[in-house]
Amino acid sequence: MGYWDHVWLGIVAVFTANPVFEIFGLPIGTTLVMVAAGFALGIVVGATPGLAGPMAMAIALPILISIFGVRESALLPVLGFLIGIMKGATLGGAVPAILFNTPGTPDAMLTAYDGYPLAQRGLARKALKTAHFASASGDTFSDLVLFSSAPVLAIAVERFLDLPEKTGLIILSLSFIAALVGRSPAKGLISAGLGLLVAYVGKGEDFYPRLSFGQEALNDGFPIVTVVLGVLILGEAFKSMEALIRGGPEASTQAKIAEATDNRFGFAELRACWRYIRTSAVIGTAIGALPGIGSTLAATLGYAAGRRDWARRNPGKPGFGTGRIEGVAATEAANSAVSGANLIPVLSLGIPGNAAAVFLILAMESIGGFNPGPSVFKLHGGVTGEVANPELVVVFGIFAAMMLANLLNWSCGGLFMRWVGVLVHVPKQLLLPVVLLLTLTAIYVQLTSLTAIYMTLGFGLLGYVMRRLDMSVLPFVIAFILARNLEDTARQAFAATGGDALFLLHSPLALAFTLTAGLVVVLAIRRARMADHEPLDRGH
Amino acid sequence: MSKFDKGALFLGLAFLLFAILVVFVWVPLDTESGLLQKVRRRWLIGDALAPSVAGLMIAVGACAQIFEGVTGAQRRQCAGQHIPTPAGGLTSANLGFALCALLVLLASFQIMRWFGPAAVALLGEQFGIEASYRALRDTVPWKYLGYVAGGFVLILASVVAVERRLSLRALLLAILAPLVIAMLYDLPFDDLLLPPNGDL
């Protein structure tokens, strides 16, 4: 079967497979409904301070698996829902930042720099419309880059990389994530090393389970759900709870500001913002395609580039940070452009780039039938090659789901975004304990064991301690996910080269990857040292 | 002013010690095969190699951290801008909070674990029930008792800790939220078990 046959099958799987209901005789597929539901939930979650996209994805996953089971037909509805949350949460994140200067994420803080002053001048609706337009533009651009580059990259990987080179590539990705995520490369390396170590507890190749201290509960290692949810979600919940306890309960009173007369986002505004959206979308996409580098850096670079450009073109006028819609557009386009591009390493290499991608991989692993990596882009399935490759159909189904979410974003995302502003008033101290209970319940219903809960609490504590030490948890989680892949590829490469201990050094590409991995770490440590010398008042 | 950045130095040393223990004590004692092993006259990678590489990675990070600790503060002193490192820090207050949070959570889940069986043991006779909790764990209201009781403690303790007072709002939330979550999981799905019913 050809390329376009797979594209068509993917689209059909999203739009019409397993119809939930019909509109004028047209079947509406389960995945379509799930993408829409996920997108709506994502906006709600993004607009609620204290919640975040990954948190909602973590809670939703076991419920989704209970509904759809762990069969192949569950993949697209579940992934569609999670993709919907991912996209909706990015959009919703701008709401509290603009309306109440309470950004839920660091990148939304940059949106607040210009969005909140606009809201204070009665231009909240204009700021929200700008954020929506910029976010949808950045997101769509990023998705188009994903659709065109992921297959090319995957085919190149499959054609040119053998086992030693693949081992080198995973080492390079790990060192990249360890060295560049967070402020200290040293702590990034420690974090990634800990993630690898935790992943190697339990089953190896031998009969005796390694590093288990003889504990039966550890024979199969730590369940991925307990590690990922513990470190990512519980760790964050502990930190937020502590901040609330030390800072006191949140006040939820906000003064009502009269709306200005001109709250439109028309052609003049579009013309003013387009230049910044274009630049930020490219920056966000480029940053998003690199594993581990998240939306915060993209938003920072997009905002900084926009601010410089604006100051150069408008000398003497009040710049970004004083309530300019161009500032909102630059930030929102950059951070939204990360989400699509982040799936480039996921789909083409099987390497997750951020927390949302971790949950997509978690869903793929929990359900089975889809192993992200270069092999999913193989055109032919079956013995004769006449059968469609089901994994490639899923890939195009994912692409179709992403485009569907974009359509929803363009058509009704802005309207929905303005409705959910009321959620900002839900006090965090009431929300967090409920989220905590919900997350732990979600883990229990999936693993049906209190031991799993205690493991999760342990990893939650680890996540909290790491955060307090300013040690990024993302290298830990990504290393944990890549660990088995790294070990299996290395074992196979070692065996295939006849027990050559230097297999990484004999192939030019593998050698290049390995040397680059070392170089990335050395340069990152050097850069961190130089950053220490820089003056502190860099402004925002 | 101290010559070194003590926090960064201590953190690096602690992780270096941990890495040494991993590579030279834990891995050799708790794995069956070595770094490499010979199976049917072929050399293969053993189970100890991957955890040793992980330990090595921690050691490299720890050495870089020590390096930061030794040189970082000196440089800042030279530049006349002695500032705390972004290391943040784990204070005794942080540890105290973590311990309290963990105790509350563990207590909540212990209540969740034992409340149902205890209720059956105490009240079963009055309701004319002779069966054990295990036999009742899929029947209303018994199957919800532990979950709702444990959830109540978890939520109430957390809200009271932040608000520093017991409010009606907190009480209502602590009663309603576990009930709603229980319904969310239990009503639509026959095959899901709420905590602690899968363990009993």
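What comes next concerns the included structure. Every value quoted in this text rests on a predicted model; they were computed, and no experiment measured them.

**What to know about the interface of chain B and chain A**
Residue-level contacts link 76 residues of chain B with 75 residues of chain A. Remark: the boundary between chain B and chain A carries two salt bridges. For D47(B), the salt bridge is made with R210(A), and the minimal N-O distance between the two is 3.8 Å. Here chain B is connected to chain A by 22 residue pairs in polar contact (both at pLDDT 80 or more). The set of elements that each furnish at least two residues to the side of chain B that touches chain A consists of helix 1 (6-29), strand 1 (36-39), strand 2 (42-45), helix 2 (49-78), helix 3 (92-123), helix 5 (142-163) and helix 6 (168-186) of chain B.

**Remarks on the environment of M1(A)**
Residue and element names in this part refer to chain A. By secondary structure assignment, the location of M1 is in the segment before helix 1 (3-15). Residue classification places M1 among the partly exposed positions, given a relative accessible area of 32%. Along the chain, M1 and L447 lie 446 residues apart, while their C-alpha atoms are 39 Å from each other.

**Points about the packing of aromatic side chains**
Residue and element names in this part refer to chain A. Throughout the structure, instances matching the rule amount to 11 aromatic pairs over all chains. Centroid distance F133 to W410: 5.5 Å. Interplanar angle 75 degrees. Geometry classified as edge-to-face. Of this pair, F133 sits in helix 7 (residues 124-160) while W410 sits in helix 16 (residues 390-419), and the two are 277 residues apart along the sequence. In this structure F133 comes out as buried when scored by relative accessible area, which is 17%. Aromatic pair F396 and F399: ring centres 5.8 Å apart, planes at 85 degrees, arrangement edge-to-face. Placement of the pair is F396 and F399 together in helix 16, with a separation of three residues, close to one helical turn. Among the residues examined, F396 registers a relative accessible area of 8% and is labelled buried. Through a chain of ring-to-ring contacts, the aromatic side chains of Y113, Y276, Y303 and F320 assemble into a single cluster.

**Things to note about helix 3 (residues 53-68) of chain A**
Residues and elements named next belong to chain A. With 16 residues, helix 3 ought to run about 22 Å at 1.5 Å a step, and its terminal C-alpha atoms sit 21 Å apart, in line with that. Its maximal kink placed at A60, helix 3 deviates by approximately 30 degrees, while the proline P62 follows within four residues. Most of helix 3 sits inside the fold, with 14 of its 16 residues counted as buried. In the stretch just after helix 3, G69 is the one whose phi turns positive, near 75 degrees.

**Description of the packing of helix 17 (residues 428-447) of chain A against helix 18 (residues 450-468) of chain A**
Residue and element names in this part refer to chain A. Running from N to C, helix 17 and helix 18 point in directions that differ by 140 degrees, and their axes come no closer than 8 Å. As summarised for this structure, helix 17 and helix 18 are arranged oblique, according to the angle between their axes. Crossing handedness for the pair helix 17 and helix 18: right-handed. Counted together, L440, I443, Y444 and L447 of helix 17 and L450, A452, I453, T456 and L457 of helix 18 form the full contact between these two elements. Within the contact of helix 17 with helix 18, the residues separate by chemical class into eight nonpolar, one polar and no charged.

**Examining the pairing of strand 1 of chain B**
All names here are of chain B. Bridge count for strand 1 against strand 2 is four bridges, and the pairing is antiparallel. Bridging across to strand 2, K38 finds its partner in W43. Here strand 1 hands over to strand 2 after two residues, with R40 in that stretch at a positive phi of 45 degrees.

**Description of the side chain of K143(B)**
Residues and elements named next belong to chain B. Relative to the helices and strands, K143 resides in helix 5. Only 2.7 Å separates the side chain of K143 from the side chain of D186, close enough to count as a polar contact. Look past the residues within four positions of K143 in its chain and what remains in contact with it is Y133, L136, R137, D138, D186 and N197.

**Concerning the packing of helix 1 of chain A against helix 16 of chain A**
Residues and elements named next belong to chain A. Where helix 1 contacts helix 16, the two axes come as close as 7 Å, and the packing angle between them is 55 degrees. Judged by the inter-axis angle, helix 1 sits oblique to helix 16. For the crossing formed where helix 1 meets helix 16, the hand is right-handed. Residues Y3, H6, V7, L9, G10, I11, V14 and F15 of helix 1 touch helix 16, and the partners they reach there are L392, V393, F396, G397, A400, A401 and L404. Broken down by class, the residue content of the contact of helix 1 with helix 16 amounts to 12 nonpolar, three polar and no charged.

**Digging into the side chain of H6(A)**
Residue and element names in this part refer to chain A. Tracing the chain through its elements places H6 in helix 1. You can call H6 buried: its relative accessible area is 0%. If we ignore the near neighbours within four places in the chain, the residues touching H6 are M1, L379, A388, N389, L392, V393 and F396.

**Some remarks on a nonpolar patch on the surface**
Taken together, L17(B), I20(B), L21(B), F24(B), V25(B) and L29(B) make up a surface patch of nonpolar side chains, about 630 Å² in accessible area. By secondary structure assignment, the location of L17(B) is in helix 1.

**Focus: the nonpolar core**
One recurring pattern in soluble globular proteins: nonpolar side chains tend to sit buried together. Counting residues in hydrophobic clusters, the biggest one holds 204 residues, and the most contacted among them are I398(A) and Y185(B). The residue makeup of this core includes at least three contributed by each of domain 1 (6-78) and domain 2 (92-186) of chain B. Once you skip the residues sitting within four places of it in the chain, I398(A) turns out to touch L76(A), L79(A), I83(A), L347(A), M364(A) and F370(A).

Procedures and definitions
- Residues numbered from 1 in each chain as written.
- Chains lettered and ligands numbered in written order.
- Predicted model: local features only at pLDDT ≥ 70, side-chain atom pairs only at ≥ 80, totals over all residues.
- Heavy atoms only, no water.
- Contact = heavy atoms within 4.5 Å.
- Salt bridge = Lys/Arg side-chain N within 4 Å of Asp/Glu carboxyl O.
- Polar contact = N/O pair within 3.5 Å; in protein donor to acceptor, adjacent residues only side chain to side chain.
- Helix = DSSP H or I, 4+ residues; strand = E, 2+ residues; numbered from the N terminus.
- Buried < 20%, exposed > 50% of the residue type's maximum accessible area, 1.4 Å probe, protein only.
- Phe/Tyr/Trp six-rings, centres within 6.5 Å; stacked < 30°, edge-to-face > 60°.
- Expected span 1.5 Å × (residues − 1).
- Bend = angle between axes of the 7 residues up to and from the residue.
- Axes fitted to C-alpha atoms, helices over the stretch in contact; angles between N-to-C directions.
- Parallel < 35°, antiparallel > 145°, perpendicular 65-115°, else oblique.
- Left-handed = near helix turned anticlockwise from the far one by under 90°.
- Nonpolar A, V, L, I, M, F, W, Y, C, P; charged D, E, K, R; others polar.
- Pairing = 2+ DSSP bridges.
- Patch = residues over 30% accessible without salt bridge, like charges linked within 9 Å, V, L, I, M, F, W, Y side chains within 5 Å.
- Areas by Shrake-Rupley, 256 points an atom, 1.4 Å probe, with all protein chains shown as cover.
- Core = buried A, V, L, I, M, F, W, Y, C linked by side-chain atoms within 4.5 Å.
- Domains from an automatic or database assignment.

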